[in-house]
Amino acid sequence: DVVTFHEFGSPFVSHCIRVAVVGTFMGLCMESGFKRLLTIAVASLLHDIGKTTYHIVNELEGINVSKEKMNLHLTHPVYGYKTAKLILKLQEEACQAILNHHEQPDGKGFPRRVGEVKLFTTDKIVYIANVFVHLVEKGRLEGYFTSLQQFEYLLENFPEKFDLSIANNLQKLKQLDSYG
């Protein structure tokens, strides 16, 4: 049993599904082909899988680290990458997107702080979808009534954190805000 979603409950599963929906819609807006859309959907759905499989990866690698001694928030992308590659045997593009779903174009993300040069389109889509979904789930910024308005605020005030050629596709997806 590789993934035990039940220990995280439905908010965890709902988050992953929402990121997959938003990421896939972004891929559609970019007129991605079927193979790329499938990669985006799979990587978006599994982007947080490292939060559930870190103990399996440690066991496979012969590492004995307790959950309390590691910062799972900062390391889950690495565990997710290893799970996707070693256990699920996903294609490298999906594995990289899982690894890079917290990386920012300005190099201030994590876990590797790689920046724009090392990020691929799928990585950027999963990152942007994750940011947008967090806005939907975490509530509202004061003075902004919809998640899309909040996201527009972030794009205007922190453009270095997003690839605007990809992020601006959310403008085409105003209907997405109705689910959140």
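### Structural notes on the packing of helix α2 (residues 34-45) against helix α5 (residues 92-99)
In step 1: Packing of α2 against α5 brings their axes to within 9 Å, and their N-to-C directions diverge by 40 degrees. Classed by the angle they form, the pair α2 and α5 counts as oblique. For the element pair α2 and α5, the recorded crossing hand is right-handed. Contact with α2, carried on its side by Arg36, Thr39 and Ala43, involves Glu93, Ala94, Ala97 and Ile98 of α5 and no other residues of that element.
In step 2: Here the contact of α2 with α5 is built from residues that sort into four nonpolar, one polar and two charged.

### Describing the side chain of Asn130
In step 1: Within the secondary structure, Asn130 is located in helix α6 (residues 121-138).
In step 2: Engagement of the side chain of Asn130 in a polar contact is seen with the side chain of His15, the distance being 3.0 Å.

### Structural notes on the nonpolar core
In step 1: Grouped together as the largest cluster of nonpolar side chains are 21 residues, with contacts concentrated most on Val22, Met26, Ile128, Phe132, Phe151, Phe162 and Leu170.
In step 2: Mapped onto this core, the elements with two or more residues apiece are α1 (9-29), α6, α7 (147-157) and α8 (164-167).
In step 3: In terms of residue count, the dominant contributor to this core is α6 (nine residues).
In step 4: Not counting residues up to four positions away in its chain, the partners in contact with Ile128 are Met26, Phe151, Phe162, Asp163, Ile166, Ala167 and Leu170.

### As for the packing of α6 against α7
In step 1: At their nearest, the axes of α6 and α7 sit 9 Å apart, and the two run at 125 degrees to each other. On the basis of the axis angle, α6 is oblique to α7. Seen from above, α6 lies across α7 with right-handed handedness. Judged by residue contacts, Ile128, Val131, Phe132, Leu135 and Val136 of α6 engage Ser147, Leu148, Gln150, Phe151 and Leu154 from α7.
In step 2: Residue composition of the contact of α6 with α7, by class: eight nonpolar, two polar and no charged.

### Regarding the packing of aromatic side chains
Between two aromatic rings, the relevant description is the distance of the centres plus the angle of the planes.
In step 1: Taken as a whole and assessed by the stated rule, the structure comprises three aromatic pairs.
In step 2: Taking the centre distance of 5.4 Å and the plane angle of 70 degrees together, the rings of Phe151 and Phe162 count as edge-to-face. Remark: Phe162 occurs in the loop between α7 and α8 and Phe151 occurs in helix α7; sequence separation between them is eleven residues.
In step 3: Look at Phe162 and you get buried, because its relative accessible area is 7%.
In step 4: Taken together, the ring pairs connect Tyr127, Phe132, Phe151 and Phe162 into an aromatic cluster.

### Points about α7
In step 1: Those residues of α7 lying buried are Ser147, Leu148, Gln150, Phe151, Leu154 and Leu155. One side of α7 holds all its buried residues, which, seen down the axis, span an arc of 160 degrees.

### Here's the deal with unusual backbone geometry
In step 1: The omega torsion across Phe110 and Pro111 is 15 degrees, close enough to zero to call that bond cis.
In step 2: Within the secondary structure, Pro111 is located in the loop between α5 and α6.
In step 3: Its identity as a non-glycine residue notwithstanding, Glu31 has a phi of 60 degrees, on the positive side.
In step 4: Locating Glu31 in the fold gives a position in the loop between α1 and α2.
In step 5: A positive phi angle, near 55 degrees, is found at Arg113, a position not held by glycine.
In step 6: The topology assignment puts Arg113 in the loop between α5 and α6.
In step 7: Here Arg113 falls in the exposed class, since its relative accessible area comes to 56%.

About the criteria used
Residues numbered from 1 in each chain as written. Predicted model: local features only at pLDDT ≥ 70, side-chain atom pairs only at ≥ 80, totals over all residues. Heavy atoms only, no water. Axes fitted to C-alpha atoms, helices over the stretch in contact; angles between N-to-C directions. Helix = DSSP H or I, 4+ residues; strand = E, 2+ residues; numbered from the N terminus. Parallel < 35°, antiparallel > 145°, perpendicular 65-115°, else oblique. Left-handed = near helix turned anticlockwise from the far one by under 90°. Contact = heavy atoms within 4.5 Å. Nonpolar A, V, L, I, M, F, W, Y, C, P; charged D, E, K, R; others polar. Polar contact = N/O pair within 3.5 Å; in protein donor to acceptor, adjacent residues only side chain to side chain. Core = buried A, V, L, I, M, F, W, Y, C linked by side-chain atoms within 4.5 Å. Buried < 20%, exposed > 50% of the residue type's maximum accessible area, 1.4 Å probe, protein only. Phe/Tyr/Trp six-rings, centres within 6.5 Å; stacked < 30°, edge-to-face > 60°. Arc of directions from axis to C-beta.

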